[in-house]
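Here are the chains, one letter per residue:
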Amino acid sequence: METAALIVVLVILLALFFDFTNGFHDTANAMATPIATGALKPKTAVLLAAVLNLVGAFLSTEVSKTVSHGIIHEDGIKADIFLPMIFAGLIGAITWNMLTWLLGLPSSSSHALFGGLIGATLVGVGASGIDFGMVLSKIILPALIAPVTAGIIAFAATKIAYSITRRYDNKPDGRDGFRWGQIFTSSLVALAHGTNDAQKTMGVITLALITVGWQSSTQADPYLWVIIACAVTIALGTYLGGWRIIRTLGKGLTDVKPAQGFSAESSTAATILASSAFGFALSTTQVASGSVIGSGLGRRGSSVRWSTAGRIAIGWLLTLPAAGAVGALAALLINWLGNWGIFIDAVLALVVIIGLFLRSRRDAVTSANAMSDVAESGLAIELPDTPPPTRRQQRIERAKAEAKARALAREKAKAEAKQKAAKKARGKGAPSAAKVEEPETTRSEESK
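Okay, so let's go over this structure. (Residues numbered from 1 in each chain as written. Predicted model: local features only at pLDDT ≥ 70, side-chain atom pairs only at ≥ 80, totals over all residues. Heavy atoms only, no water.)

1. Examining the side chain of Ser295
Stated formally: Secondary structure elements are taken from DSSP: a helix is a run of H or I of four residues or more, a strand is a run of E of two residues or more, and numbering for both begins at the N terminus. We call two residues contacting when some pair of their heavy atoms lies within 4.5 Å.
Structurally, Ser295 can be placed in helix α12 (residues 284-297). Excluding its chain neighbours within four sequence positions, the residues that come into contact with Ser295 are Ala154, Phe155, Thr158, Gln260 and Ala264.

2. Structural notes on the nonpolar core
Heads up, the rule is: Put simply, a nonpolar core is a bunch of buried Ala, Val, Leu, Ile, Met, Phe, Trp, Tyr and Cys residues held in one set by side-chain atoms that sit within 4.5 Å of each other. Summary of the burial criterion: residues with accessible area below 20% of their type's maximum are buried, those above 50% are exposed, and those between are partly exposed, where the area comes from a 1.4 Å probe applied to protein chains only.
With 61 residues, the main nonpolar core has Ile72, Ile86, Leu90, Val204 and Ile205 as its most contacted residues. A total of 14 residues in this core trace back to one element, the largest contributor, which is helix α5 (residues 79-103). With sequence-adjacent residues up to four places away left out, Leu90 is seen in contact with Val11, Leu14, Ala15, Phe18, Leu113 and Val204. Among the nonpolar cores identified, the runner-up in size contains eight residues, and Met31, Ile35, Leu40 and Ala190 belong to it.

3. Some details on the environment of Ala154
Locating Ala154 in the fold gives a position in helix α7 (residues 132-165). What makes Ala154 buried here is its relative accessible area of 0%. Remark: the alpha-carbon pair of Ala154 and Thr268, spanning 114 residues in sequence, is separated by 8.1 Å. The contacts of Ala154, once residues within four sequence positions are left out, are Ser263, Ala264, Ser267, Ser291, Gly294 and Ser295.

4. Points about the packing of aromatic side chains
What characterises a pair of aromatic rings is the spacing of the ring centres plus the angle enclosed by the ring planes. To be explicit about the condition: Each Phe, Tyr or Trp ring (for Trp, its six-membered ring) is paired with any other whose centre lies within 6.5 Å, and the angle between the two planes then decides the class: stacked below 30 degrees, edge-to-face above 60, tilted in between.
For the coordinates displayed, the defined rule picks out two aromatic pairs. Taken together, a centroid distance of 6.3 Å and an interplanar angle of 25° make the contact between Phe17 and Phe20 stacked. Here Phe17 and its partner Phe20 are both found in helix α1 (residues 2-25), three residues apart, which amounts to about one turn of the helix. When the ring of Trp340 is compared with that of Phe343, the centres are 5.9 Å apart and the planes differ by 90°; the resulting orientation is edge-to-face. Of this pair, Trp340 and Phe343 both sit in helix α14 (residues 339-361), separated by three residues, roughly a single helical turn.

5. Side note on helix α8 (residues 178-212)
Cut-off, in case you're wondering: One fewer than the residue count of a helix, multiplied by 1.5 Å, yields its expected span. Fitting axes to the seven residues ending at a residue and to the seven starting there, one defines the bend at that residue as the angle between these axes.
The first and last C-alpha atoms of α8 sit 51 Å apart over 35 residues, in line with the 51 Å expected at 1.5 Å per residue. Of all bends in α8, the biggest is about 25°, found at Gln199. For α8, the buried fraction is high: 30 of the 35 residues fall into the buried class. Remark: Gly213 follows α8 within two positions and exhibits a positive phi of approximately 90°.

6. Comments concerning the packing of helix α6 (residues 109-124) against α7
Think of two packed helices as two axes; the pair is described by the angle between the axes and how far apart they sit. The criterion, for reference: Helix axes are fitted only over the stretch in contact, all axes being lines through C-alpha atoms; the angle between N-to-C directions runs from 0 to 180 degrees. Should an angle fall under 35 degrees it is taken as roughly parallel, and over 145 as roughly antiparallel, whereas 65 to 115 is taken as roughly perpendicular and any remaining angle as oblique. Crossing handedness is defined as follows: a turn of the near helix away from the far one that is anticlockwise and smaller than a right angle gives a left-handed crossing, while the clockwise case is right-handed. Three classes are used: nonpolar for Ala, Val, Leu, Ile, Met, Phe, Trp, Tyr, Cys and Pro, charged for Asp, Glu, Lys and Arg, and polar for all others, with Gly counted as polar.
Axis separation between α6 and α7 bottoms out at 12 Å; the angle between their running directions is 155°. In terms of axis orientation, α6 runs roughly antiparallel to α7. Crossing handedness for the pair α6 and α7: left-handed. Together, His111, Phe114, Ile118 and Leu122 of α6 and Phe132, Val135, Ile139 and Ala143 of α7 make up the contact between the two elements. When its residues are assigned to classes, the contact of α6 with α7 shows seven nonpolar, one polar and no charged.

By themselves these figures say nothing about function.
Listed below in structure tokens is the structure:
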């Protein structure tokens, strides 16, 4: 029992550290676009995101129930087997999160967590320990549908935003009033992130408590102290970290106009909040990227660079199996070496975390230099330097051309009329001139 209690404590600490990495990993999802458009200063944006992540964590527990009472059959697995598997799964998730953070890649922390847990459970327990129906309905299908849905909503919202403001705003960058709206919509995204992502860590801790018998399996909601701990941890991670991801995502969105940012953030927040209410464990990164691409397509003359969009999708697809592979390796060590495997896993995880952190110090990224790279999601949309005219502009140009043509026709008709009148006048005046000249000729001859 003492060993189980020690493992539970390790699981809780590791889960909270994952929650911390989740916070700084996903800061850019909410705040990259308002930073890029100038709606918010970087430090102000991150502080606002941290506060709203904290508040959002208290709004719902449906996603937590999906993790603690959904993807894994915890009732049929013994505590001495299952607790080390949760520990190994968290190592897989944290390793992938830290690696992608170092590289500045906006990958999915959610899928890293699920991949690590599934990979460790498959090695430690077998396929019978996974509820594949729940994985399909609550994780896989939402991962496929949500980014597309968010993209369609952002596309429609961008079209509407441009159409209702086009005739009233002649500024070259367009719709500056939307910058103020972005403060509200980006705040909604941060709130939605706390509502969805903080609950995943709550679910993992609740799952560990149920496994060891410290919480009844009939009690689906996490304890209040679990909610508070996860909320504070993700908010702290949001405030202290995330500049690498913001640097990657934000600069690539400098082409995003305020109307687009407003539409993308509204779509992201609506999709995540609705999914959280149904207990769908979404990837905030995927939803936000889908919204950015959709809003980009909503601008005139834009097109998709399918090769770049494909690389983004491949990165999404790699997250779950890559974290699952690390989780499976960690679980394999535990299967082979027992408690010594847990100790070795813990040491290796600590070495990896410290090593990646020290490596990141060589190229430190702060609020001062967080906007220097180009985001893959921004590059997925190709925009012309001069967008094609709108239908209204085309009608105006046609009307101007027709008016100009009519004016030219009138001028031409007037010129032709003048020429005819001149010819007519010359035709009538020629004989009289001859009669006048004839006597002059006669007089000259007579003088000779």
